[in-house]
Amino acid sequence: MKRFISFFKRNLYFMVSLITVSIAVIFAVVIMSIFDLSKDVEETSVGFIYLGNYEPSQYGNILTQRVQQWKNTADYKIIYQNNEYIIDLAWFDFDIDQTINQMTPDQNNQAFFILSTTNDTLLKNELENMFTTSIVSQFAYQWFIDDLLEDMGTLKNRKVYQLIDYLDEATSIHIISETNISSIDSLDVTKIIEEVEEIEIFENSRFSMLSYLSDTTLNNTQLSIIASAMQKLMIETHFNGFIFEQNPTLPTWAEIGSNVRILKVNQYDFSFFNGLNHRYTITLEKLSDTSITFKLIGYPYITEYESSQDIEVIIPYQTIIIDNPEIDETTPGVIITETDTEFIYQVVTQTGVDGYVVFFYRTITPNLSDPVTITLYNEQYFPIHEIIEQNIQEKVGG
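None of the values given here were measured: they were computed from a predicted structure.

*Asks:* Requested: an account of the packing of helix α8 (residues 186-195) against helix α10 (residues 220-234), with residues and values cited.
*Replies:* Closest axis-to-axis distance for the α8/α10 pair is 10 Å, and the angle between their directions is 75°. With respect to α10, the axis of α8 lies roughly perpendicular. Along its contact with α8, which presents D188, K191 and I192, the element α10 presents T221, Q222, I225 and I226. Here the residues of the contact of α8 with α10 are counted per class, giving 3 nonpolar, 2 polar and 2 charged.

Structural data, given as structure tokens:
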């Protein structure tokens, strides 16, 4: 008896723990059998809105509240040539009935929205105002609306649409500018047309004449003709960041503002930047034996570009006097000046012309915005010095 009492005392804590654990296990089994805790958690949702914690009767209020919050913060816009229009999602009514009726439990479901006839007209008018009627007339409007409603149905927080993705393909071959370069040597015309049919200007990138035409056998003059034509085509466009060297003396086929000098060995290049997200093409067509037509082709602008030029620096010419004792009163074109002591006979063999620096500007007027004027580049033309040959003869007895 004493041994039993002693054993019981020594193992009392062990026995109490064993009994407690047994009771806990029994309790857990009972609870699981009653509440079936092995059931999966409800995974029903609409977009990012989780509904697993709510009863179906609460879905309507929860969805209406959360969708309104989403509309207030979501950012949807459509962009064309760096012009963007922010879409007002308040014009789209949340269709709570269709959303709930088509909901499948334990899945991520779609939200449904309705664009009323009135709001549809307002939206289309806004797009025409922003991107012009001529552009929107080529715009697959209903296709865009279908995509928009589908993206809204997933409750995406941000979406950017490119308008050109919905434009008719014919819009991309619009002639933006055209020019004829004349007084070209006929051999140069033939060589240029044989080697170059078109030049592609890639989106969001810097164009390099030397790089693009590196596989051709065109010489410096022929490359310079093409570059000068491109410069003329682009002065009233969005292209910027022009880097080039000019011919010190205008060739027959060049003009002020359309005067690029290419030298392959010296790496005299013609380079510029296309900051839009679509490409443009320049086509070349023989107009005559001595002239070529160049066309810039691509998506039309909704921004207006106007160019201007201004001579802001005058470089005066110098007069160079050369003694020529052969000149006298019988020399053709002689100018005779008489003083008290001498006769001065002068012939102007080269007329002086002042040099100058001409700056080229571009005025950019985005649709619905104020114009901005920027400097594109400048060209410097050196003066032509005046040369006078003269003979000074003293008067007899003077």
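*Asks:* Quick one: what's the story with the layout of surface pockets, residue by residue and with numbers?
*Replies:* For the largest pocket, the calculated volume is near 210 Å³. Forming the walls of the largest pocket are P248, T249, L250, I256, V353, D354, G355, Y356, Y381, F382, P383 and I384. Roughly 170 Å³ of volume is contained in the second largest pocket. Q81, N82, N83, H238, N240, G275, L276, Y301, T303, Y305, I364 and P366 together form the lining of the second largest pocket. For the lining of the second largest pocket, a count of residues per class yields 5 nonpolar, 7 polar and no charged.

*Asks:* Go over the pairing of strand β13 (residues 271-274), please, and point to the residues and values.
*Replies:* Here strand β11 (residues 205-208) runs beside β13; their pairing, made up of 4 bridges, is antiparallel. Each bridged residue has a counterpart across the sheet, and for S208 the counterpart in β13 is S271. In the sheet, strand β12 (residues 240-243) pairs with β13 via 2 bridges, with the strands oriented antiparallel. In the strand pairing of β13, I243 is matched with S271.

*Asks:* Go over the sheet that holds strand β22 (residues 386-394) with me, naming the residues and quoting the values.
*Replies:* On the basis of which strands lie adjacent, the open sheet formed by 4 strands has the order β17-β22-β19-β18 and mixed pairing. Edge positions in the sheet fall to β17 (319-323) and β18 (335-338), since each of these pairs with one other strand and no more. For this sheet, the mean inter-axis angle between neighbouring strands, taken without regard to orientation, is 30°. Of the strand pairs in this sheet, β18 and strand β19 (residues 342-350) are connected by 4 bridges, and their pairing is antiparallel. Residue pairing for β19: I336 is matched across the bridge by Y345.

*Asks:* I'd love a proper account of the nonpolar core, names of residues and values included.
*Replies:* Membership of the largest hydrophobic core comes to 87 residues, with the highest contact counts inside it found for F131 and I226. In terms of residue count, the dominant contributor to this core is α10 (8 residues). Ignoring sequence-local partners within four residues, the contact set of I226 consists of I192, V196, I199, M209, L213, L218, L284 and F294.

*Asks:* Could you give an account of the packing of aromatic side chains, naming the residues involved and the relevant values?
*Replies:* Scanning the entire structure with this criterion turns up 25 aromatic pairs. With 6.5 Å between their ring centres and 90° between their planes, Y80 and F131 make a pair best called edge-to-face. A residue pair is termed long-range when its members are at least 10 positions apart, and Y80 in strand β3 (residues 75-80) and F131 in helix α5 (residues 117-131) qualify at 51 residues. By the burial criterion, Y80 is buried, and F131 matches it. Grouped by ring-pair contacts, the aromatic residues F207, Y212, F239, F242, F244, F270, F272, Y280, Y301, Y305, F360 and Y377 constitute a single cluster. Geometry around Y141 places K124 over its ring, the cationic atom sitting 5.4 Å from the centre. When the ring centre of F343 is taken as reference, the NZ or CZ atom of K395 above it lies at 5.3 Å.

*Asks:* Describe the pattern of salt bridges, listing the residues and the values that go with them.
*Replies:* By the definition in use, this model includes 10 salt bridges. In this structure, D75 engages R158 in a salt bridge whose closest nitrogen and oxygen atoms are separated by 3.8 Å. Pair noted here: D75 is in strand β3 and R158 is in strand β8 (residues 158-162), with a separation of 83 residues, a long-range link. Residue class for D75 comes out partly exposed when judged on its relative accessible area of 22%. Look at the salt bridges and you will find they share partners, linking D75, K77, E84 and R158 into a network.

*Asks:* So what about α10? Which residues, and what values?
*Replies:* Every α-helical turn comprises 3.6 residues, leaving residues that sit three or four positions apart pointing alike. In a regular helix each residue adds 1.5 Å, so 15 residues correspond to 21 Å; α10 covers 21 Å between its end C-alpha atoms and thus fits that length. Taken across its 15 residues, α10 has 12 buried, putting it largely inside the fold. Residues of α10 that are buried: Q222, L223, S224, I225, I226, A227, S228, A229, M230, Q231, L233 and M234. One side-chain oxygen at the N-terminal end of α10 lies 3.1 Å from the backbone nitrogen of T221; it belongs to N219.

What counts, and where the lines are drawn
- Residues numbered from 1 in each chain as written.
- Predicted model: local features only at pLDDT ≥ 70, side-chain atom pairs only at ≥ 80, totals over all residues.
- Heavy atoms only, no water.
- Axes fitted to C-alpha atoms, helices over the stretch in contact; angles between N-to-C directions.
- Helix = DSSP H or I, 4+ residues; strand = E, 2+ residues; numbered from the N terminus.
- Parallel < 35°, antiparallel > 145°, perpendicular 65-115°, else oblique.
- Contact = heavy atoms within 4.5 Å.
- Nonpolar A, V, L, I, M, F, W, Y, C, P; charged D, E, K, R; others polar.
- 1 Å grid on protein atoms, 1.4 Å probe; cavity = no way out; pocket = protein on both sides within 12 Å on 5 of 7 lines; lining within 4 Å.
- Points joined across faces, edges and corners; volume = space filled by probe spheres on them.
- Pairing = 2+ DSSP bridges.
- Core = buried A, V, L, I, M, F, W, Y, C linked by side-chain atoms within 4.5 Å.
- Buried < 20%, exposed > 50% of the residue type's maximum accessible area, 1.4 Å probe, protein only.
- Phe/Tyr/Trp six-rings, centres within 6.5 Å; stacked < 30°, edge-to-face > 60°.
- Lys NZ or Arg CZ within 6 Å of the ring centre and 35° of its normal.
- Salt bridge = Lys/Arg side-chain N within 4 Å of Asp/Glu carboxyl O.
- Expected span 1.5 Å × (residues − 1).
- Polar contact = N/O pair within 3.5 Å; in protein donor to acceptor, adjacent residues only side chain to side chain.

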